[in-house]
Amino acid sequence: MQPYKDDIDQLFQEGLSSGNIPFDESAWIKMEKRLDAADTIAFAYWKLIYPLAVILVIVLAIWLWPGTSDNAESAPPVVTENIETHNNTDANPSSANNESSTTPEIGAKEKESYKQAPEEEDNAETDTTTLTESLGPSKISAENTDEPDVVRATVSENEATENSPSFTGGGEEYQSRFGGDLKILEGLDWMALDGYRGGEVEMTEVPMDTTREEVIKKSKLLFGLTVSNDWSAVGVSEFTNSGPSIGAIVEYLVLKRISVLAGASIGSRKYSAVGEEYWRPRWMDRSPGNEINTIAANCRVVDIPVNIYYHFAPKGLNQFSIGSGISSYLMLREDYAYTYNFADPNLPDTWVWENRNKHYFGVYNLSVVYRRQLSDKLYLGVEPYFKIPLTEIGIGEVDLYSFGTTVSLKFKK
Amino acid sequence: MSEVPNLDIIIKGCSKNDRESQKQLYKLYYSYAMSICLRYSRNYDDAVEVLNDAFMKVFSNIDKYDTARPFKAWLRVILINASIDHYKKNLKHNKNQELSETQGMTSDFRPDNEIRYEDLMRLVQKLSPVYRAVFNLYVIDGYKHKEIAEMLNINVSTSKANLTKAKANLRKMLKVYEDAAI
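If you're wondering where the values come from, they're calculated on a predicted model, not measured in any experiment.

Calculation criteria
Residues numbered from 1 in each chain as written. Chains lettered and ligands numbered in written order. Predicted model: local features only at pLDDT ≥ 70, side-chain atom pairs only at ≥ 80, totals over all residues. Heavy atoms only, no water. Helix = DSSP H or I, 4+ residues; strand = E, 2+ residues; numbered from the N terminus. Buried < 20%, exposed > 50% of the residue type's maximum accessible area, 1.4 Å probe, protein only. Contact = heavy atoms within 4.5 Å. Pairing = 2+ DSSP bridges. Axes fitted to C-alpha atoms, helices over the stretch in contact; angles between N-to-C directions. 1 Å grid on protein atoms, 1.4 Å probe; cavity = no way out; pocket = protein on both sides within 12 Å on 5 of 7 lines; lining within 4 Å. Points joined across faces, edges and corners; volume = space filled by probe spheres on them. Nonpolar A, V, L, I, M, F, W, Y, C, P; charged D, E, K, R; others polar. Polar contact = N/O pair within 3.5 Å; in protein donor to acceptor, adjacent residues only side chain to side chain. pLDDT = per-residue confidence, 0-100. Expected span 1.5 Å × (residues − 1). Salt bridge = Lys/Arg side-chain N within 4 Å of Asp/Glu carboxyl O.

> Run through the overall build of chain B, naming residues and quoting values.
Along its length, chain B carries 11 helices and zero strands. Mapped from its N terminus to its C terminus, chain B presents α and β elements in the order α-α-α-α-α-α-α-α-α-α-α. Buried positions account for 54% of the 182 residues belonging to chain B. Taking all contacts inside chain B whose residues are at least 6 apart in sequence as the whole, residues at least 24 apart take part in 65%.

> Please give an account of the sheet that holds strand β10 (residues 350–373) of chain A that cites residues and values.
All names here are of chain A. If you trace the eight strands once around the closed barrel, you get β5-β6-β7-β8-β9-β10-β11-β12, paired in antiparallel fashion. For this sheet the average axis-to-axis angle between neighbouring strands, irrespective of direction, equals 25°. Of the strand pairs in this sheet, strand β11 (residues 378–389) and strand β12 (residues 400–412) are connected by 10 bridges, and their pairing is antiparallel. Bridging across to β12, Tyr379 finds its partner in Lys410.

> Describe the pairing of β11 of chain A, with residues and values.
All names here are of chain A. Where β10 and β11 come together, nine bridges link them in antiparallel fashion. Paired with Gln373 across the strands is Tyr379, a residue of β11. Linking β10 back to β11 in an antiparallel pair, the connection comprises four residues.

> Describe unusual backbone geometry, naming the residues involved and giving the relevant values.
Of note, the phi angle at Asn355 of chain A is positive, near 50°, even though the residue is not glycine. The class for Asn355 of chain A is partly exposed, based on a relative accessible area of 48%.

> So what's going on with empty space enclosed by the protein? Which residues, and what values?
In this approach the atoms are scanned with a rolling probe the size of a water molecule, which exposes any empty space left behind. Residues and elements named next belong to chain A. For the structure on display, the rule yields three cavities of 30 Å³ or more. The calculated volume of the largest cavity comes to roughly 310 Å³. Sorting the residues of the lining of the largest cavity by element identifies β5 (221–234), β6 (241–253), β7 (258–274), β8 (292–311), β10, β11 and β12 as the ones contributing at least two each. The leading source of residues in the lining of the largest cavity is β7, at five residues. Across the lining of the largest cavity, the residue classes break down as nine nonpolar, 11 polar and six charged.

> So, the side chain of Asn52 of chain B: which residues are in play, and what are the values?
Residue and element names in this part refer to chain B. Position of Asn52 among the secondary structure elements: in helix α4 (residues 44–60). What makes Asn52 buried here is its relative accessible area of 2%. At 2.7 Å, the side chain of Asn52 forms a polar contact with the side chain of Tyr26.

> Quick rundown of the layout of surface pockets? Include the residues and the values.
If you add up the space inside the second largest pocket, you get close to 520 Å³. Take the lining of the second largest pocket: its biggest share by element is five residues, from helix α3 (residues 30–40) of chain B.

> Describe the confidence of the model for chain A, with residues and values.
In low-pLDDT regions, the fine details of the predicted coordinates are not to be read closely. Residues and elements named next belong to chain A. Taken residue by residue, chain A gives an average pLDDT of 69. The fraction at 70 or more is 56%. Taking the mean pLDDT of every element in chain A, the minimum, 39, falls on strand β2 (residues 126–134) and the maximum, 92, on β11. Scored below 50 in pLDDT, residues 69–206 shows 265 contacts in the model against residues more than four places distant or in partner chains. Across residues 212–216 the pLDDT falls below 50, and counting only partners more than four positions away or on other chains, this stretch makes 13 contacts in the model.

> Break down helix α9 (residues 129–140) of chain B for me, citing the residues and quoting the values.
Residue and element names in this part refer to chain B. When the terminal C-alpha atoms of α9 are compared, their 15 Å separation across 12 residues agrees well with the 16 Å that a helix rising 1.5 Å per residue should span. Counting buried residues in α9 gives nine out of 12 residues, a clear majority hidden from the surface. Looking at α9, one finds that the buried residues are Pro129, Tyr131, Arg132, Ala133, Val134, Phe135, Asn136, Leu137 and Val139. Downstream of α9 by one or two residues, Gly142 has phi in the positive range, about 80°.

> Explain the environment of Gly235 of chain A residue by residue, including any values.
Residues and elements named next belong to chain A. Looking at the secondary structure, you find Gly235 in the loop between β5 and β6. A sequence separation of 165 residues divides Gly235 from Leu400, and the C-alpha atoms of the two residues are 6.6 Å apart. Apart from the residues lying within four places of it in its own chain, the contact partners of Gly235 are Asp399 and Tyr401.

> How would you sum up the pattern of salt bridges? Please name residues and give values.
Counted under the stated rule, the structure contains 16 salt bridges over all chains. In this structure, Asp303 of chain A and Lys387 of chain A form a salt bridge, with 2.7 Å as the shortest nitrogen-oxygen distance. Taken together, the residues Asp303 of chain A in strand β8 and Lys387 of chain A in strand β11 connect sequence positions 84 residues apart. The closest approach of N and O atoms between Asp141 of chain B and Arg76 of chain B, which form a salt bridge, is 3.7 Å. Of the two residues, Asp141 of chain B sits in the loop between α9 and α10 (145–152) while Arg76 of chain B sits in helix α5 (residues 71–89), which places them 65 residues apart along the sequence. No difference in accessibility class separates Asp141 of chain B from Arg76 of chain B, as the two residues are buried. Here the salt bridges share partners, and the residues they tie into one network are Asp230, Arg269, Asp303 and Lys387 of chain A.

Here you go:
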């Protein structure tokens, strides 16, 4: 007998390379059964996520759009101010009473009454117009009068100086300010803290019941859904591939102009890198003189941002903000495809890592936000962003920069 | 050019989920693939399971395969990954499985003048799962301890220690084999 070789490595390397295993039909039958079973469930349900997200956003938009019945029914209590104004042709100063009443009503009804009032009072010397405003941080401030159920409204415009006379409910003055075109002031409460059409608004000390206070408190919290398209690259050039992501966010207004946002999104980061930018795998030792040429990466990432935003004064329904914060990346899956300077069958062409890397607070976020208020509950946001790595990302340990745009739909509860 | 003349056609068929093409590919690489799976598995049945796991990945990701590159290398990575996945899946079971590597050696082996492929394979399969995985990855497939540590979720030092123990056990088994042959 020939004694076994002392070098275990060589013995097994050589000995195990000579195997010739005959094909086993039963193994294929098992395989075929699995393939048949997979065909029935081959539909990639995860691919429905993006269409479903879009549908959800559309449904929410329709549901929360102003004027829908649900929206009207769920509207907060409103203050109704019945302001007697002079008809342009039948002015009667004596009838300009500075009276307004506080009545919890449904907003839609009030709008109806606003539109119908001038016709109903056509023959009267004065027109009674109903001015409706939503509660919350509103455009019109109210102050108590001697009568317990009557409040006076104070409105100031953007153009007005600090010393501008305030509107006190008088018909003429109100008309002069708004050119005779009385407006129904919608609730721009969360965003338009500075007031209607940019005017300065402050709530004076009005005794508010619990319901009103709750309305104001709730309006500071927003929930949202986001859809992004992210371009990533190692370094600040070569942004050639993009990947979508979807997410959910919560935003809270901590100060008048400052809010904090937290959330999570899942999506892909696709990028390419050259060998020098990428961690050198140890398997390259198997192919002396050879190096990785390029890497194509497709990483499924959960992005958990915590951002702070500064909100500039709104212009009408529009508002700009700037944001900054930190993101954590959880790398769910990292797919890498390699090309080498020289082809070598001993080197892998692809590599997959799952749940290997977690980069807590590893990415710095910068963004600019344009936000438009669609209704008193609904906000549409467009947020171009730039992400700067604070740590090396992924198994490739690359400096992964990203930019893109997030479209968000936020709504108040 | 492909390593097998009609491989491109077979792969195209696989990408269309053509069962006959899938069988051709499976059959074509069965021996090569099984030789890898057997090394990482305890027995033939486990190896078939790993093999089919790997081929499921091959068939479901066949569109990602670049036909300009060697298919064998791509398949090999998938096979090793599938073997490691199988090892991890059975990790709890493996921990409770204390093998006595020398058990049954004298009756299993039919020594002759040359240590045969089947005998070497059986020796490797007798190793405990973690020793077997480390031995295969390091000695046969050429991975480094850092890579092995990452793949198996163990420390580099553990990987090195396991390799030493695996080799020691193999030597012990080979000694038994040699004694039986005399």
